[in-house]
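# Notes for the structure review
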Amino acid sequence: MQSHMDSHKKFELARLNIHPFKLKFFGLSFLFLVIIILPFFISDYWIFVFTLAYYYTILAASWNLLGGYTGQFSLGHHTFALIGAYTSALMIIKAGIPLWTGILAGIILTIIISFVLGVICLRVRGLYLALITWAFAEVVRTYIRMGYEFTGGDRGLDAPLLFDTIQPLPYYYLFSGIAAVTITLIAGIMRSRIGYYFRATRNDEIAARAMGVNTVRWKVFAFMVASGLAGVAGAFYGHSIGLISPVLGEFNEMAMVIIFVVIGGLRTQAGPVLGAISIRYLMEVLREWSEIRIIILTAIVIIIMRFFNGGFMEFFKRGKQWVQQKEVREPVSAYEKIEQR
Amino acid sequence: MDGQGKYLLNVENIAKDFGGLRAVNHASLHVKEGEIRGLIGPNASGKTTIINLITGIYTVTEGAIYFSGNRIDGLQPDVIASMGIMRTFQISRVFRDMTVLDNMMVPALSQGQTMLEAKTRAEELLEFALLAALKDEPAKSLSGGQNMLLQIVRGFMNKYLRLYVMDEPFAGVHQSIKGIILKAIKTMNREKGITFMIISHEMTTISNLCHQISVLHKGELISEGTMEEVANDPLVIDAYLGG
């Protein structure tokens with residue numbers, strides 16, 4: 001007992017007297033500042049790379065809401081970005097509506113389709129849900145490829161640029177802003193009562209229903225929010241690069257999003273951000289190495305999954321635990337805690 | 001009985017088939033408000049199936065279930081929970097990755113309580129159950145007995161709770177935890193008027209705790225009354241001791 005008190009005192013003296021909230025606030029402010037000033041120190045090429053990384057951050061964070069927090073393993077998430085991108089571009093090109101209205105139409109259609117798909121398939125789960133969403137994704141992608149006259153097929157579709165410039169800077173700020181709003185929205189949801197329903201549903205759906213949670217309703221809601229966010233990303237993406245093609249709907253895109261989340265940290269708020277930005281960055285750094293970069297990336301994935309299956313966030317968590325165990329805590333089991341009372 | 005009578009729960013002649021197997025065969029139960037009812041029977045007699053039918057996990061094949069005069073068979077489990085029926089599971093089903101406190105919050109929030117109300121109530125109940133020191137621990141770190149205890153006190157978070165259905169709440173738990181569970185049941189019954197229906201194989205506990213006992217055998221209700229009455233019923237003796 002004495003040694004426990006001594007180590008506790010030691011920790012009290014050793015640690016910085018900063019409230020966790022303040023630490024988070026300063027950390028986020030610093031990150032915000034870095035994101036704002038970064039473009040002034042890097043080339044246009046790298047500004048574009050980071051813009052892409054923010055696009056994938058939105059997809060990864062929104063998939064994490066669905067596949068991570070709610071436990072709905074969708075393999076069609078990238079398709080909602082594809083739908084958002086094509087709807088917006090087609091509405092502007094074919095129907096002649098204003099650009100912002102086209103973007104809005106893309107987002108709304110994405111939400112409507114996700115609602116219908118959600119109602120149809122969210123009574124199933126696990127592998128069955130993964131298969132249904134994958135099949136949906138393939139149907140949409142194949143339609144876009146085959147419907148050449150309407151969608152441009154494999155050649156793609158020229159989407160009007162949002163800011164009338166090919167300079168990447170405005171798009172960089174646009175996507176960093178959307179990514180920040182996405183992360184804030186998801187953090188808000190997870191801290192609200194809805195976050196409790198999501199987590200309870202993922203943990204044990206039968207128990208959640210018995211506790212009064214309408215699990216189907218909240219699963220559909222999660223599906224709509226996540227898909228809607230992917231639709232937002234897709235709708236803006238098309239008008240940022242000026243060309244959209246069915247490549248956006250390939251399974252590789254989905255696999256990449258899942259890798260970003262898993263490498264960063266499934267069911268964490270910072271994980272998908274870390275995963276998307278760091279892996280995109282690494283992919284660009286290793287670009288000169290051609291195919292070898294795939295081997296290096298794969299090796300990194302294997303190493304992280306083997307030793308830190310909670311991704312980067314587990315690495316940080318273990319580091320924090322290691323410091324605390326070293327300086328403060330003696331192991332106390334839950335049973336011992338109750339006995340101590 | 002038309003389901004509109006003096007009983008809080010009326011189970012009217014229900015049957016449940018699983019393919020060719022009839023798990024419950026035209027059983028009827030009538031439970032008064034404020035009663036503690038024991039539900040006993042040999043293994044595979046249909047006790048848990050009846051609980052699953054009452055709480056909407058299964059749908060009835062035949063018959064009807066009324067709660068406070070309203071027909072509830074066919075309703076979804078979350079709707080039944082919102083009407084004031086909570087349950088526990090034989091194998092504890094806590095939300096393992098959530099903390100003890102977060103587990104408590106779920107039924108309260110789903111019934112419209114504010115975060116502050118739910119948290120205050122949860123902390124009171126955890127204090128009562130001697131789990132307050134563990135409130136920030138993930139539920140998966142608890143022992144089996146503590147898991148069962150958490151599962152039980154979690155049900156009390158539903159502010160509309162009128163009927164609490166418990167499936168083997170004393171099975172495999174330490175005596176000290178069993179004492180807390182018994183205290184919780186008696187206190188809630190006495191002070192809040194909550195009605196309980198308890199499945200257990202612990203005859204002494206059931207005898208001391210329950211006002212009335214119903215005995216199931218092969219999906220049929222074979223006896224009902226006080227422990228003394230059912231213990232002397234030849235049908236019950238035959239069910240437990242017969243071939």
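Now for a quick tour of the structure. If you're wondering where the values come from, they're calculated on a predicted model, not measured in any experiment.

### Focus: the overall build of chain B
Counting secondary structure elements, chain B contains nine helices and 10 strands. For 243 residues, the compact-globule formula gives about 18 Å, and the C-alpha radius of gyration of chain B, at 18 Å, lands near that figure. Each principal axis of the C-alpha distribution contributes one length, and for chain B these read about 50 × 35 × 35 Å. Within chain B, the fraction of its 243 residues that count as buried is 56%. Counting only contacts in chain B whose residues sit at least 6 apart along the sequence, the fraction spanning at least 24 positions is 65%. Between the averaged position of the 23 positive side-chain charges in chain B and that of its 26 negative side-chain charges there is a distance of 3 Å.

### Digging into the packing of helix α4 (residues 77–95) of chain A against helix α11 (residues 215–241) of chain A
Residue and element names in this part refer to chain A. At a closest axis distance of 6 Å, the pairing of α4 and α11 adopts a crossing angle of 50 degrees. Looking at the two axes, α4 sits oblique to α11. Crossing hand, α4 versus α11: right-handed. Counting all contacts with α4, which are made through H77, F80, A81, G84, A85, S88, A89 and I92, the residues of α11 involved are F223, A226, S227, A230, G231, G234, A235 and H239. Of the residues in the contact of α4 with α11, the class split is nine nonpolar, seven polar and no charged.

### Quick look at the pattern of salt bridges
A complete count under the given rule lists 20 salt bridges over all chains for this structure. Here D102 of chain B makes a salt bridge to R199 of chain A, at a shortest N to O gap of 3.2 Å. With one member in each of two chains, D102 of chain B in helix α3 (residues 100–110) and R199 of chain A in helix α9 (residues 193–203) form a pair that bridges those chains. With a relative accessible area of 13%, D102 of chain B lands in the buried category. Judged by relative accessible area, which is 19%, R199 of chain A ranks as buried. One salt bridge connects R22 of chain B with D17 of chain B, and the closest N-O pair in it is separated by 2.6 Å. Shared partners join several salt bridges into a network, and the residues in it are R202 of chain A together with D97 and K140 of chain B.

### Overview of the nonpolar core
Among the nonpolar cores identified, the biggest contains 141 residues, and F156 and F196 of chain B are the most heavily contacted of them. Considering every element that reaches this core, the biggest residue donor is helix α3 (residues 44–69) of chain A, with 14 residues. Discounting chain neighbours no more than four positions away, the residues touching F156 of chain B are R121, L125, L161, Y164, M166, A184, M188, I194 and F196 of chain B. Judged by nonpolar contacts, the second largest core, of 24 residues, contains V24, I51, M197 and I199 of chain B.

### Focus: the sheet that holds strand β6 (residues 85–87) of chain B
Backbone-to-backbone hydrogen bonds pair the strands of a sheet. The strands run either parallel or antiparallel. All names here are of chain B. Ordered by their spatial adjacency, six strands build an open sheet running β6-β7-β8-β3-β9-β10, and the pairing between neighbours is mixed. Each edge of the open sheet is held by one strand with a lone partner, namely β6 and β10 (220–225). Direction aside, the axes of adjacent strands within the sheet are offset by 20 degrees on average. As judged from the four bridges shared by strand β3 (residues 36–40) and strand β8 (residues 195–199), these two strands associate in the parallel manner. When the bridges of β8 are listed, G38 appears paired with I198.

Basis of the calculations
Here the residue numbering is sequential within each chain, running from 1 through the sequence in written order. Lettering of chains starts at A and numbering of ligands starts at 1, both following the order in which they are written. Selection of residues for local features in this predicted model requires a pLDDT of at least 70, selection of side-chain atom pairs for listing and counting requires 80 or more, and totals for whole chains, interfaces and linings are taken over all residues. Think of the side-chain values as coming from all heavy atoms in the structure, minus any hydrogens and water. Strands are runs of DSSP state E lasting at least 2 residues, helices are runs of H or I lasting at least 4, and numbering of each runs from the N terminus. C-alpha atoms define the radius of gyration in this analysis, and the globule rule sets the expected value at 2.2 Å times the number of residues to the power 0.38. Exposure categories follow from relative accessible area, calculated using a 1.4 Å probe and restricted to protein chains: below 20% of the type maximum is buried, above 50% is exposed, and the middle band is partly exposed. Any two residues whose heavy atoms approach within 4.5 Å are treated as being in contact. Note on charges: Lys and Arg go in the positive column, Asp and Glu in the negative column, and His and the chain ends are not counted at all. By convention, the point assigned to a charge is CZ for Arg, NZ for Lys, CD for Glu and CG for Asp. Axis definition: a line fitted to C-alpha atoms, over the contacting stretch in the case of helices. Angles run 0 to 180 degrees between N-to-C directions. In what follows, roughly perpendicular refers to angles from 65 to 115 degrees, roughly parallel to angles under 35, roughly antiparallel to angles over 145, and oblique to any angle outside these ranges. Helix crossings get a hand from a simple test, with the near helix turned counterclockwise from the far one by less than a right angle marking a left-handed crossing and a clockwise turn marking a right-handed one. Side-chain classes follow a simple rule in which Ala, Val, Leu, Ile, Met, Phe, Trp, Tyr, Cys and Pro form the nonpolar group, Asp, Glu, Lys and Arg form the charged group, and the remainder, Gly included, forms the polar group. When a carboxyl oxygen of Asp or Glu lies within 4 Å of a side-chain nitrogen of Lys or Arg, that pair is called a salt bridge. Nonpolar core, defined: a set of buried Ala, Val, Leu, Ile, Met, Phe, Trp, Tyr and Cys residues in which side-chain atoms within 4.5 Å join the residues together. In short, DSSP must find at least two bridges between two strands for them to pair.

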